[in-house]
Amino acid sequence: MIAYIVLLALRFSNELPAQGGLLDLPPMRIWEWKMAAQTLTEKILARHSGKSSVEPGENIWVDVDILMTHDVCGPGTIGVFHQNFGREAKVWDKDKVVIIPDHYIFTADKMANRNVDVLRQFVKEQGLPHYYDVGSERYKGVCHIALPEEGHTRPGEILLGTDSHTCTAGAFGEFATGIGNTDAGFVMGTGKTWLKVPPTLRFVFKGDMPPYLMAKDLILAVIGDIGCDGATYQAMEFDGEGVYALNIEERMTLCNMAIEAGGKNGIIAADQKTIDFVKSRDKASKPFLVEKSDAGARFARELVYDVRTLRPVVAKPHSPDNRAYVDECKGTKLDRAYIGSCTGGKMTDFRAAAKILAGKEVKIDTFVVPATTEVARNLKTEKLGNHTLEEIFLNAGAKIGEASCAACLGGPSDTFGRLNQAIRCISTTNRNFPGRMGHKQAEVFLASPLTVAASALTGLITDPREFLS
Amino acid sequence: MKLENIIQGKAYVLGDNIDTDQIIPAEFLTLNPAIAEEYRQFGRHALAGVPPAQGGLPKGHVLFHKNETDLVSDYQIIVGGRNFGCGSSREHAPIALDAAGIKAVVAEFYARIFYRNAVNGGYIVPAETAERLCEKVCTGDELRINLEACIMENLTTGEKYSLRPLGEVVPILEAGGVFPYARSKGMLPS
Ligand code: SF4
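What you see is a predicted model, and the numbers here were worked out from it, not measured in a lab.

How each quantity is defined
Residues numbered from 1 in each chain as written. Chains lettered and ligands numbered in written order. Predicted model: local features only at pLDDT ≥ 70, side-chain atom pairs only at ≥ 80, totals over all residues. Helix = DSSP H or I, 4+ residues; strand = E, 2+ residues; numbered from the N terminus. Rg over C-alpha atoms; globule rule 2.2 N^0.38 Å. Buried ≥ 20, exposed ≤ 12 C-beta atoms within 10 Å, placed from the backbone. pLDDT = per-residue confidence, 0-100. Expected span 1.5 Å × (residues − 1). Contact = placed C-beta atoms within 7 Å. Core = buried A, V, L, I, M, F, W, Y, C linked by C-beta atoms within 7 Å. Domains from an automatic or database assignment. Nonpolar A, V, L, I, M, F, W, Y, C, P; charged D, E, K, R; others polar. Pairing = 2+ DSSP bridges. Axes fitted to C-alpha atoms, helices over the stretch in contact; angles between N-to-C directions. Near = placed C-beta within 6 Å. Parallel < 35°, antiparallel > 145°, perpendicular 65-115°, else oblique. Left-handed = near helix turned anticlockwise from the far one by under 90°. Right-handed = clockwise from strand over helix to strand, strands pointing away.

**Q** Sorry, what's going on with the overall build of chain B here?
**A** Within chain B, the regular secondary structure consists of six helices and seven strands. The helix and strand sequence of chain B, counted from the amino end, reads β-α-α-β-α-β-α-β-β-β-β-α-α. Taking 2.2 N^0.38 as the reference for a compact globule, 190 residues should give roughly 16 Å; the C-alpha atoms of chain B span a radius of gyration of 16 Å, in line with that estimate. Taking all 190 residues of chain B together, the buried fraction comes to 54%.

**Q** Can you walk me through the overall build of chain A in this structure?
**A** The secondary structure content of chain A amounts to 18 helices and 19 strands. The globule rule puts the C-alpha radius of gyration for 469 residues at 23 Å, and the 22 Å found for chain A is close to it. With the C-alpha coordinates of chain A rotated into their principal frame, the extents come out at 75 × 55 × 40 Å. Taking all 469 residues of chain A together, the buried fraction comes to 54%.

**Q** Quick question: what am I supposed to make of the confidence of the model for chain B here?
**A** Low pLDDT marks stretches whose predicted atomic positions should not be read closely. A residue-level look at chain B finds 99% of positions with pLDDT of 70 or above and a mean pLDDT of 96. In the predicted assembly, ipTM is 0.95 and pTM is 0.93.

**Q** Mind showing me how you'd approach helix 4 (residues 74-85) of chain A here?
**A** Since one α-helical turn is 3.6 residues long, residues separated by three or four positions face the same way. Under the 1.5 Å per step criterion, the end-to-end length of helix 4 of chain A is 16 Å for 12 residues, consistent within 8% with the ideal 16 Å. Burial within helix 4 of chain A is extensive, with nine of its 12 residues counted as buried. Turning to helix 4 of chain A, its buried residues number three or more, namely Gly74, Pro75, Gly76, Thr77, Ile78, Val80, Phe81, Asn84 and Phe85 of chain A. Next to the buried residues of helix 4 of chain A lie strand 2 (66-69), strand 3 (97-99), helix 5 (110-126) and helix 7 (181-190) of chain A together with helix 6 (178-184) of chain B. A positive backbone phi angle near 100 degrees is found at glycine 86 of chain A, which sits one or two residues after helix 4 of chain A.

**Q** Can you walk me through the nonpolar core in this structure?
**A** Across soluble globular proteins, nonpolar side chains show a tendency to be buried alongside one another. Among the nonpolar cores identified, the biggest contains 200 residues, and Ala46, Ala96, Leu97 and Val105 of chain B are the most heavily contacted of them. Here this core gets eight residues from one element, more than from any other, and that element is helix 8 (residues 215-226) of chain A. Shared between two domains, this core takes at least three residues from each, and those domains are domain 2 (66-195) and domain 3 (318-468) of chain A. Not counting residues up to four positions away in its chain, the partners in contact with alanine 46 of chain B are Ile23, Ile24, Phe64, Ser73, Ala96, Leu97, Ala99 and Ala100 of chain B.

**Q** Sorry, what's going on with the interface of chain A and chain B here?
**A** How big an interface is tends to be stated in terms of the accessible area lost upon association of its parts. Facing 42 residues of chain A, the contacting portion of chain B comprises 35 residues. At the level of elements, helix 4, helix 5 and helix 7 of chain A are the ones that each hand at least two residues to the side of chain A that touches chain B. For the side of chain A that touches chain B, the element with the most residues is helix 4 of chain A, which contributes six residues. Across the side of chain A that touches chain B, the residue classes break down as 17 nonpolar, 17 polar and eight charged.

**Q** What is the right way to look at the environment of valine 62 of chain A in this model?
**A** All names here are of chain A. When you line up the elements, valine 62 lands in strand 1 (residues 59-63). Classification of valine 62 as buried rests on a count of 24 C-beta atoms within 10 Å. Along the sequence, valine 62 and aspartate 208 sit 146 residues apart, while their C-alpha atoms lie 38 Å from each other. The residues touching valine 62, leaving out its near neighbours within four places in the chain, are Leu45, His48, Ser49, Ile158, Lys192, Thr193 and Leu195.

**Q** What's the story with the sheet that holds strand 2 (residues 77-79) of chain B in this structure? I'm lost.
**A** Adjacent strands of a sheet pair through backbone hydrogen bonds, lying either parallel or antiparallel. All names here are of chain B. One open sheet holds the seven strands; their spatial order is 4-3-2-1-5-6-7, and the pairing between them is mixed. Strands with a single pairing partner mark the edges of an open sheet, and in this sheet they are strand 4 (125-128) and strand 7 (160-162). Averaged over all neighbouring strand pairs, the angle between strand axes comes to 30 degrees, with direction disregarded.

**Q** Hey, could you run me through unusual backbone geometry in this one?
**A** For residues besides glycine, phi is generally negative; the peptide bonds are generally trans as well. Following proline 317 of chain A, the chain continues into histidine 318 of chain A via a peptide bond in cis, with omega recorded as -5 degrees. Secondary-structure assignment places histidine 318 of chain A in the loop between strand 11 (313-315) and strand 12 (323-325). For the bond from leucine 57 of chain B to proline 58 of chain B, the omega torsion is 5 degrees, close enough to zero to count as cis. Backbone geometry at serine 341 of chain A places phi at a positive 85 degrees, although glycine is not the residue there.

**Q** What is the right way to read the site of the ligand from this model?
**A** Close contacts around the ligand come from His103, Val142, His144, Asp163, His165, Ser341, Cys342, Cys405, Cys408, Leu409, Thr429 and Asn430 of chain A, and that covers them all. In terms of residue class, the shell around the ligand is built from five nonpolar, six polar and one charged.

**Q** Before we go on, may I ask you to explain the sheet that holds strand 5 (residues 175-178) of chain A in this structure?
**A** Residues and elements named next belong to chain A. Across the sheet, which stays open at both edges, the four strands sit in the order 3-2-4-5 with parallel pairing between neighbours. Each having just a single partner strand, strand 3 and strand 5 make up the two edges of the open sheet. Averaged over neighbouring strand pairs, the angle between their axes works out to 20 degrees when direction is ignored. Looking at chain direction, strand 2 and strand 4 (residues 158-161) are connected through three bridges and run parallel. In the strand pairing of strand 4, isoleucine 66 is matched with leucine 159. Lying over the sheet, helix 7 contacts strand 2, strand 3 and strand 4, oriented at roughly 135 degrees with respect to strand 2.

**Q** So what exactly am I meant to see when it comes to the packing of helix 8 of chain A against helix 10 (residues 248-256) of chain A here?
**A** A pair of packed helices can be characterised by two numbers: the angle between their axes and the separation between those axes. All names here are of chain A. For the pair helix 8 and helix 10, the least separation of the axes is 8 Å and the interaxial angle reads 20 degrees. With respect to each other, helix 8 and helix 10 are oriented roughly parallel. Once helix 8 is placed against helix 10, the crossing between them reads as right-handed. Contact residues: helix 8 offers Ala215, Lys216, Leu218 and Ile219, while helix 10 offers Glu250, Thr253 and Leu254.

**Q** Can you help me understand the pairing of strand 2 of chain A in this one?
**A** If a strand is regular, its side chains alternate between the two faces of the sheet. The alternating pattern of strand 2 of chain A places Ile66 and Met68 of chain A on one face and Leu67 and Thr69 of chain A on the opposite face, and all of these are buried. In the classification by handedness, the crossover that spans strand 2 of chain A, the intervening helix 4 of chain A and the parallel strand 3 of chain A is right-handed.

**Q** I tried to follow helix 7 of chain A on my own but got confused; where do I start?
**A** Residue and element names in this part refer to chain A. For helix 7, the buried fraction is high: nine of the 10 residues fall into the buried class. Among all positions in helix 7, only Asn181, Thr182, Asp183, Ala184, Gly185, Phe186, Val187, Met188 and Gly189 are buried. Positive backbone phi, at 75 degrees, marks glycine 191, one or two positions downstream of helix 7.

**Q** Hey, could you run me through the environment of aspartate 183 of chain A in this one?
**A** As for its position among the elements, aspartate 183 of chain A is in helix 7. Aspartate 183 of chain A gets classed as buried once you count the C-beta atoms within 10 Å, which come to 26. Between the C-alpha atoms of aspartate 183 of chain A and proline 101 of chain A, which are 82 residues apart in sequence, the distance is 19 Å. With residues near it in sequence (within four places) discarded, aspartate 183 of chain A still touches Thr193 of chain A together with Arg116 and Asn120 of chain B.

**Q** I would appreciate a short explanation of the pairing of strand 8 (residues 235-239) of chain A in the present structure.
**A** Residue and element names in this part refer to chain A. Counting buried positions over the five residues of strand 8 gives five, a clear majority of the element. By the bridge criterion, five bridges tie strand 7 (residues 200-206) to strand 8 in an arrangement that is parallel. From the neighbouring strand, arginine 202 faces strand 8, where its bridge partner is glutamate 237. Between strand 7 and its parallel partner strand 8, the chain crosses via helix 8, and the hand of that crossover is right-handed. Here three bridges tie strand 8 to strand 9 (residues 265-267), and the two strands are oriented parallel to one another. Bridged to alanine 235 within strand 9 is asparagine 265.

Pasting the structure below:
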């Protein structure tokens, strides 16, 4: 990074050595530099491929900063790694591989447990320091929330993970995207991957958020507008004072669902809140680079939203882009409410739900699943009025599960909260494709934690404004 | 799989937004594709998440496997609509189709990660068409794809459709995946 800054300084002094310069980049004059205005995504990709700038559509090789895998895709990735680099091969950099079992954890399923054993064995053989084992003090839960909690997310980096919601980490001003086992096996052995530079779409949120809206409403509105293929092969950058007013967890919710519009990555330039969060979590205090899109950067499309005029949103079955406003479908009868996952299982989500549920009783089965063990611990200590959030949920009649992905993706039939029948559920999760939470004929409505909590109290889809006045 | 210029087989037709939960439901992700026998088992569960009415268009309610326990399907080519393979990054999705004997998918376009996984592992050929073939081809039609000529012929009806060139992924598919490709280019030791 320091070399890069020196290089920049040299560039602006217009005195680059003609040949054999730092990083082996071609010499460039200051006016050329100004012309090549780049988006944040382009800047990060360029720097990781040793280029001064990149163009959308260009195929490049990049150096990867962090590779993450979990119990569902880890065993396959390890298989690809062994098959191609040899049984005795070592990962490219022990410090850059993070393994977080989170999907099928609290189940009696033998195969699921076997898969965690595969991870354990690999971690032991390789001596990997960043492993969060099931049944140990270190166990975390959902990988996308565990990554920032444990200091593995930093602005300006490239994070790849064998999970499509790896895009969540774009909230930290980095390039983060999901990859398959073969790609991950390749990265594990080489630290490199090829990427096609995506064009960037920009979403600008103006105005102050009303108290009945959450980031979930914003992103469901965006996906409803552009469709679940509206950002295919493209970067989604979120910008505007409405975004920077959000806390880090809410920004993660925005980026988390970029994939539901087909986006390659979601990204928010880092500000002081990001820097403070990252510094408070990274025990190794690795240096990082804070950047943002240049003033003249080219965006493939720009959509501007005034958040003051938005209303609470749901995605109706069976697609995240099947948008409706809560006031349009209020009164729809429900069988279950679910609050959890990497999208809706963070402290901000539970604070919002608790505000609505405090002192009241749910009318339908309500499942609460903290994303991580840290969130679970905080539920026991953080108070709203005289009660902890955990007490508020239990007193309301909700059931609380253990930190993991749980029923967000269905999973084995004994999974906590899984929809084992063709019932109708309102959920803070991110996907409602047929069968996603279990039964093929079950219907899932996606909504914000405020809307889900309000609906749990009535057993009908309910506008949170009814309980917030 | 090595890339063959001619791919011929029976069509199984699906609609838009066939997501990875439909292609391989999460409950089967406990199988480890790195183990050969478990890889084969994915074939049996391929498309298990497609709601019956949407399986085998235009009629629907057409089973993808003749018998529930069959590992391999009677169909070799899937015809889909828009955004095929959206949703999760699970490579189990193209693996399940490969294990079920699918050689190619023909769709209007793909979700990014599915496309990449299909190519990287060399599992299936993800062909694209400008036409909305999921409303023209019927499940059971005999199709013949000529990749070089970028043409798909419906041998049952005699119709011909053009395919988009596979373009930059051809060398990877020809090599049989990203690892053999990288080795052939000297990027990895062979
Ligand atoms: S919580 Fe749901 S969406 Fe998030 S990683 Fe787990 S299964 Fe995927």
